[in-house]
Amino acid sequence: KRQCVKQLKIHRWPPVLVVHVKRFQYTALRRDKITTSVSIPSGTLDLTPYVSHPEDAKQLGPPIYDLYGVCNHMGGLGD
């Protein structure tokens, strides 16, 4: 076996970033709500450490986002 490192680098970032958090898991036999707590930083999200070419910020603007939260829940897990 080999040790490995999973790495995520962003090449181009959008002016508006939408993040969808998966809250349900599905298997062949059932579906369950994921109960893991999710915490987000308050204020801004700075993705600068994750961009592959930081010099592109001159053209694209910095990869820094104001955070807003929206919770849209409809229905339940009932059959």
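Residues numbered from 1 in each chain as written. Predicted model: local features only at pLDDT ≥ 70, side-chain atom pairs only at ≥ 80, totals over all residues. Heavy atoms only, no water.

J.: Mind laying out the overall build of the protein chain, listing which residues take part and the relevant values?
T.: Summing up its helical and strand segments, the protein chain has one helix and four strands in all. Counting from the amino terminus, the protein chain carries its helices and strands in the arrangement β-β-β-α-β. Scored against the burial criterion, the 79 residues of the protein chain give a buried share of 8%. Pairs at least 24 residues apart make up 54% of the contacts formed inside the protein chain by residues separated by at least 6 positions. (Helix = DSSP H or I, 4+ residues; strand = E, 2+ residues; numbered from the N terminus. Buried < 20%, exposed > 50% of the residue type's maximum accessible area, 1.4 Å probe, protein only. Contact = heavy atoms within 4.5 Å.)

J.: Mind laying out a nonpolar patch on the surface, listing which residues take part and the relevant values?
T.: A contiguous nonpolar surface patch, about 440 Å² in accessible area, is contributed by Leu17, Val19, Val21, Val38 and Ile40. Overall, the relative accessible area of 61% leaves Val19 in the exposed class. (Patch = residues over 30% accessible without salt bridge, like charges linked within 9 Å, V, L, I, M, F, W, Y side chains within 5 Å. Areas by Shrake-Rupley, 256 points an atom, 1.4 Å probe, with all protein chains shown as cover. Salt bridge = Lys/Arg side-chain N within 4 Å of Asp/Glu carboxyl O.)

Just geometry here; none of it tells us what the structure is for.
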